[in-house]
Amino acid sequence: MRSVVLFSYLLLGLTITVHGQSVIVSSPDPLFTPESVTTTTQAPIQTTPERDPNELPLGEECNEELCKLPNCRCSSTDIPGGLLPRNTPQFVTITFDDAVNVRNVMTYRSILYGRKNSNSCPAGATFYVSHEYTDYTLVNELYNQGYEIALNSISHRTPPDYWATASYDVIKEEIADQRIQISHFANISIESIKGVRLPFLQLAGNSSFQVMADYDLDYDSSWPTSAFREPGLWPYTLDYASIQDCMMPPCPTASIPKPWIQPLVSWTDLNGFPCAMADSCHFTPDLNDENAWYQFIVSNFERHYLGNRAPFGFHIHEWYLSSNPAVKAAFVRFMNLISNLPDVFMVNSSEVLDWVKNPIPVDEYKAKPCREWSRTICSSRPCGPLYGEHNWMIYYMSACTVCPRVYPWTGNHLGR
Ligand SMILES: [Zn+2]
């Protein structure tokens, strides 16, 4: 099954011609599969001059008396603020991964732009952007449309084991530096970039959370849970030990205050198996059957909406929608459905945390003013040919500010 799926991914990798150069514009993440869990090895103990994970205090069992909002929350399926489900807004987080390019932005424009929630506020979505082949003028466009831009690493390297064993310094170069990189080339504020999703949903033990704490990144959205699907796990902090099941070890074990976990509450496929991303489910309805897909999405949504209202994540890669028009149509129908429900809100991922830190009843939430953001200018520039110092390839990219000297990469994230 896995080899078939991976092979189809290769077929779906799209090749386009940019400035006469052929480039692969879509590099989807391999699926989460049970095999990938068993083949993942535990991270070796890293010793770097600045950091020694051995010195971190282990997370202890969470103490609800000491761990209080807005800056601490025990891992739990309890609704923040002790609200009843019917008084709790049902958040829906739509997220897309990987490079943003001229091709996939067409889907984003057609299905997302102009969408509103029932309170007339703009509906949100979050883009976990990886650097290679990303068009930064389009990242600027997504940001100016009100969507959230987040991090999916500079190199997005394979194999996943690279991430499983990544040291603090590697994550700093891939993630903390990427924040500066996106801010620079897309001309968006560094503060607006808050979230992290590690490639392949492969956790790196404590490393990524230490980097996030040190570089003021607010949340991680890489950690799937299968055990806490019904009821779903709400976001929490790592001040204390997490109760979450570790599907892609190594998971963090230390007490690391500040960063939040937004768990990926798995969907349940037609045979009851968990899938962290909608496009990684094994037993799905027929890919040409729009009605069956609509039912499939709604039944996963209802586990949250009719349950403890833990945020419902719809995590997908654009290529899955553009290559399966019936799935895309079902997805649009689902978004149309929720935009008419008075207690459901499609939001940017960071808006979920804003609410969790300060939970208010749904009636109060609905009456709040809409989120605002300041538009930024993009003086679009085609850059290239740019030499890729890491792989001797030639790249082209579009940037909003200045062109780099060489193709940016880890260790030289601004391409100077
Ligand atoms: Zn990715």
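**Focus: the overall build of the protein chain**
- Across its full length, the protein chain holds twelve helices and 17 strands.
- In the protein chain, which comprises 416 residues, the proportion classed as buried is 47%.
- Long-range pairs, those at least 24 residues apart, make up 72% of the contacts in the protein chain with a sequence separation of at least 6.

**Some words on unusual backbone geometry**
- At the junction of T158 and P159, the peptide bond is cis and its omega measures out at 0 degrees in the coordinates.
- For the bond from P249 to P250, the omega torsion is 5 degrees, close enough to zero to count as cis.
- With respect to the helices and strands, P250 occurs in the loop between strand 9 (236-238) and strand 10 (256-261).
- In the Ramachandran plot, L201 falls in the positive-phi region, its phi being about 55 degrees despite a non-glycine side chain.
- Note on placement: L201 falls in the loop between strand 6 (195-196) and helix 7 (207-214).
- Although it is not a glycine, D216 adopts a positive phi angle of roughly 55 degrees.
- With respect to the helices, strands and loops of the structure, D216 is situated in the loop between helix 7 and strand 7 (219-220).
- Note on D216: 13 C-beta atoms within 10 Å, which makes it partly exposed.

**Quick look at the pairing of strand 14 (residues 312-316)**
- Of all five residues that make up strand 14, four are buried, and the element is covered over most of its length.
- Direction of pairing for strand 3 (residues 90-97) relative to strand 14: parallel, over a ladder of five bridges. Within the sheet, the bridge partner assigned to V92 lies in strand 14 and is F312.

**With respect to the environment of M397**
- In this fold, M397 is placed in strand 17 (residues 394-399).
- Non-local contacts of M397, meaning those with residues more than four positions away in its chain, are made with D135, Y136, C383, G384 and L386.

**Re the confidence of the model for the protein chain**
- The predicted model of the protein chain has a mean per-residue pLDDT of 90, with 87% of residues at 70 or higher.
- Between residues 1-44, whose pLDDT stays under 50, and residues either more than four places distant or in other chains, the model counts 73 contacts.

**Re the packing of helix 8 (residues 290-305) against helix 10 (residues 325-338)**
- The interhelical angle for the contact between helix 8 and helix 10, taken along N-to-C directions, is 45 degrees, at an axis separation of 8 Å. If you check the angle between helix 8 and helix 10, you find them oblique. Considering how the two elements wind past one another, helix 8 and helix 10 form a crossing that is right-handed. Where helix 8 abuts helix 10, its residues E290, W293, Y294, I297 and V298 lie against A326, V327, A329, A330, F331, R333 and F334.
- When the residues that make up the contact of helix 8 with helix 10 are grouped by side-chain class, the tally is ten nonpolar, no polar and two charged.

**Considering the nonpolar core**
- Residues V92, F127, V139, L142 and I149 are the most contacted members of the largest nonpolar core, which totals 100 residues.
- Ranked by the residues each element gives to this core, the list is headed by helix 6 (residues 168-186), at eight residues.
- With residues up to four places along the chain from it excluded, the contact list for F127 reads F96, V100, L142, Y147, E148, I149 and A150.

**Comments concerning helix 10**
- Along its 14 residues, helix 10 runs 20 Å from first to last C-alpha, staying within 8% of the 20 Å computed at 1.5 Å per residue.
- Among the residues of helix 10, V327, K328, A330, F331, F334 and I338 are the ones counted as buried. For helix 10, the buried positions fall inside an angular range of 160 degrees around the axis, keeping them on one side. Every exposed residue of helix 10 that faces more than 90 degrees away from the buried side is listed here: P325 and N336.
- Buried residues along helix 10 sit against strand 3, helix 8, helix 9 (318-323) and strand 15 (344-346).

**A few points about the pairing of strand 16 (residues 381-387)**
- As paired strands, strand 16 and strand 17 are joined by five bridges and run antiparallel to one another. From the neighbouring strand, L386 faces strand 17, where its bridge partner is Y395.
- What sits between strand 16 and strand 17 in their antiparallel hairpin is a turn of six residues, with W392 showing a positive phi close to 60 degrees.

**Some details on the environment of K366**
- Along the chain, K366 turns up in helix 12 (residues 362-367).
- As for K366 and F345, which are separated by 21 residues in sequence, their C-alpha atoms are 9.3 Å apart.

**Considering the packing of helix 6 against helix 7**
- In the contact formed by helix 6 and helix 7, the axes pass within 9 Å of each other and the chain directions differ by 55 degrees. Looking at the two axes, helix 6 sits oblique to helix 7. Judged by the sense of rotation from one axis to the other, the crossing of helix 6 with helix 7 is right-handed. In this structure, helix 6 contributes Y168, I171, K172, I175 and A176 to the contact, and helix 7 contributes S207, S208, Q210 and V211.
- When grouped by side-chain class, the residues that make up the contact of helix 6 with helix 7 number five nonpolar, three polar and one charged.

Parameters at a glance
Residues numbered from 1 in each chain as written. Predicted model: local features only at pLDDT ≥ 70, side-chain atom pairs only at ≥ 80, totals over all residues. Helix = DSSP H or I, 4+ residues; strand = E, 2+ residues; numbered from the N terminus. Buried ≥ 20, exposed ≤ 12 C-beta atoms within 10 Å, placed from the backbone. Contact = placed C-beta atoms within 7 Å. Pairing = 2+ DSSP bridges. pLDDT = per-residue confidence, 0-100. Axes fitted to C-alpha atoms, helices over the stretch in contact; angles between N-to-C directions. Parallel < 35°, antiparallel > 145°, perpendicular 65-115°, else oblique. Left-handed = near helix turned anticlockwise from the far one by under 90°. Nonpolar A, V, L, I, M, F, W, Y, C, P; charged D, E, K, R; others polar. Core = buried A, V, L, I, M, F, W, Y, C linked by C-beta atoms within 7 Å. Expected span 1.5 Å × (residues − 1). Arc of directions from axis to C-beta.

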